[in-house]
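Fold and contact review
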Amino acid sequence: MSLLNEISIFLQQGRAKNVKEAVQKALDEGMEAKDILNKGLLDGMNIIGEKFKKNQVYVPEVLIAAKAMYAGMDILKPILTETGVESAGKVVIGTVKGDLHDIGKNLVKMMMEGRGLEVIDLGIDVAPEEFIEAAKEHNAKIIACSALLTTTMTQMKKVVELTIEHGIRDQVTIMVGGAPVTDNFCKSIGADIYTPDAASAAEAAARVCETA
Ligand code: B1M
């Protein structure tokens, strides 16, 4: 069994200590951090997601797997965010109101930091008003909203509307993402950028800040 496969399986079993050790071993063997993330940790999380969907695993198992994922991410974070450059711009990020999923949001944050952006993380269950207040307070160039539920993605429209109400629509770029979000949805609510994954979100954010 390959080491990446081992990481995926340890994660599915929720064995945080083993995940940590295997991630470190993979790094020691010269594997790229992004491959360990994508082909090891995210692969394991996707399999758990599929099983969750089919009721083959339940909330506690998913949470234990998520904990194991964070154990692996803790080791990778310094490498993925290694940059040395000064903040290229500020991003306010959060998971929208009513939504408690934060693994994807945390990945987006991590990747953005890796691009030299300063990220103000509002956490989960973030009300539209909180995004606006934080963007104003920190003079952020980007508001980044994550949603994992079809029932909560609609909150993103309220964020867009509030930026108009507060007169800051032309000062911020609104980025949206998360499993149920699509480019069509992004356009339909008047947001600016949809990206399907954390790496492309970070790339797009860096581009916005370069040209701002
Ligand atoms: Co939930 N859950 N969950 N869950 N959960 C999903 C999302 C679901 C698809 C599972 C399923 O039924 N197949 C389903 C949503 C259905 C729907 O609305 N279409 C679901 C449900 C229904 C629920 C509950 C309602 C279950 C219940 O209680 N009955 C409940 C809701 C709680 C709430 O939020 N109010 C719930 C609870 C939970 C847990 C707490 C157990 C746990 C969350 C733990 C945590 O986040 N700390 C959990 C988990 C882990 C999942 C699954 C299994 C995995 C999500 C995940 O972390 N994936 C998920 C099934 C699945 O996705 N296959 C599921 C890994 C992560 C890296 O991917 O977040 O998609 P993701 O992020 C990606 C991209 O989407 C993108 O980048 C990341 C990777 O590069 N991305 C962005 C994310 N945000 C972005 C922002 C951007 C750009 C890209 O720009 C700003």
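Nothing here was measured: the structure is a model prediction, and the numbers come from that model.

What counts, and at which threshold
- Residues numbered from 1 in each chain as written.
- Predicted model: local features only at pLDDT ≥ 70, side-chain atom pairs only at ≥ 80, totals over all residues.
- Heavy atoms only, no water.
- Helix = DSSP H or I, 4+ residues; strand = E, 2+ residues; numbered from the N terminus.
- Expected span 1.5 Å × (residues − 1).
- Buried < 20%, exposed > 50% of the residue type's maximum accessible area, 1.4 Å probe, protein only.
- Polar contact = N/O pair within 3.5 Å; in protein donor to acceptor, adjacent residues only side chain to side chain.
- Near = heavy atom within 4 Å.
- 1 Å grid on protein atoms, 1.4 Å probe; cavity = no way out; pocket = protein on both sides within 12 Å on 5 of 7 lines; lining within 4 Å.
- Sits in = over half its atoms within 2 Å of the grid points.
- Domains from an automatic or database assignment.
- Contact = heavy atoms within 4.5 Å.
- Salt bridge = Lys/Arg side-chain N within 4 Å of Asp/Glu carboxyl O.

1. Looking at helix 9 (residues 198-211)
An α-helix turns once every 3.6 residues. As a result, residues three or four positions apart point the same way. Between its terminal C-alpha atoms helix 9 stretches 20 Å, which fits the 20 Å expected from 14 residues at 1.5 Å a residue. Within helix 9 the residues assigned to the buried category are Ala198, Ala201, Ala202, Ala204, Ala205, Ala206, Val208 and Cys209. With a side-chain oxygen lying 2.8 Å from the backbone nitrogen of Ser200, the N-terminal cap of helix 9 falls on Asp197.

2. Details of the site of the ligand
Not every one of the 33 residues close to the ligand is listed here, only the nearest: Leu100, His101, Asp102, Ser146 and Ala198. Between Gly98 and the ligand, the recorded distance is 2.9 Å, taken from a backbone N or O atom to a nitrogen atom. Residue Asp102 places a side-chain N or O atom 2.7 Å away from a nitrogen atom belonging to the ligand. Its atoms largely coinciding with the cavity grid, the ligand occupies the largest pocket.

3. Re the domain arrangement of the protein
Domain annotation of the protein identifies domain 1 (3-82) and domain 2 (90-211). Computed from C-alpha coordinates alone, the two centres of domain 1 and domain 2 are separated by 25 Å. Counting residues at the interface gives eleven residues for domain 1, matched by eight residues for domain 2. The tally of links between domain 1 and domain 2 comes to zero salt bridges. For the interface between domain 1 and domain 2, the tally reads two residue pairs in polar contact (both at pLDDT 80 or more). Elements with a minimum of two residues in the side of domain 1 that touches domain 2: helix 3 (33-53) and helix 4 (59-80). The leading source of residues in the side of domain 1 that touches domain 2 is helix 4, at six residues.

4. Comments concerning the pattern of salt bridges
Counted by the stated rule, this structure contains eight salt bridges. Asp192 is the partner of Arg169 in a salt bridge, and the nearest nitrogen-oxygen pair spans 2.9 Å. Remark: Asp192 occurs in the loop between helix 8 (183-189) and strand 5 (193-194) and Arg169 occurs in the loop between helix 7 (155-165) and strand 4 (173-177); sequence separation between them is 23 residues. As a salt-bridge pair, Arg207 and Glu203 come within 3.7 Å of each other at their nearest N and O atoms. One end of the pair is Arg207 and the other is Glu203, both in helix 9 and four residues apart, which spans about a single turn. Overall, Glu203 belongs to the partly exposed group, its relative accessible area being 39%.

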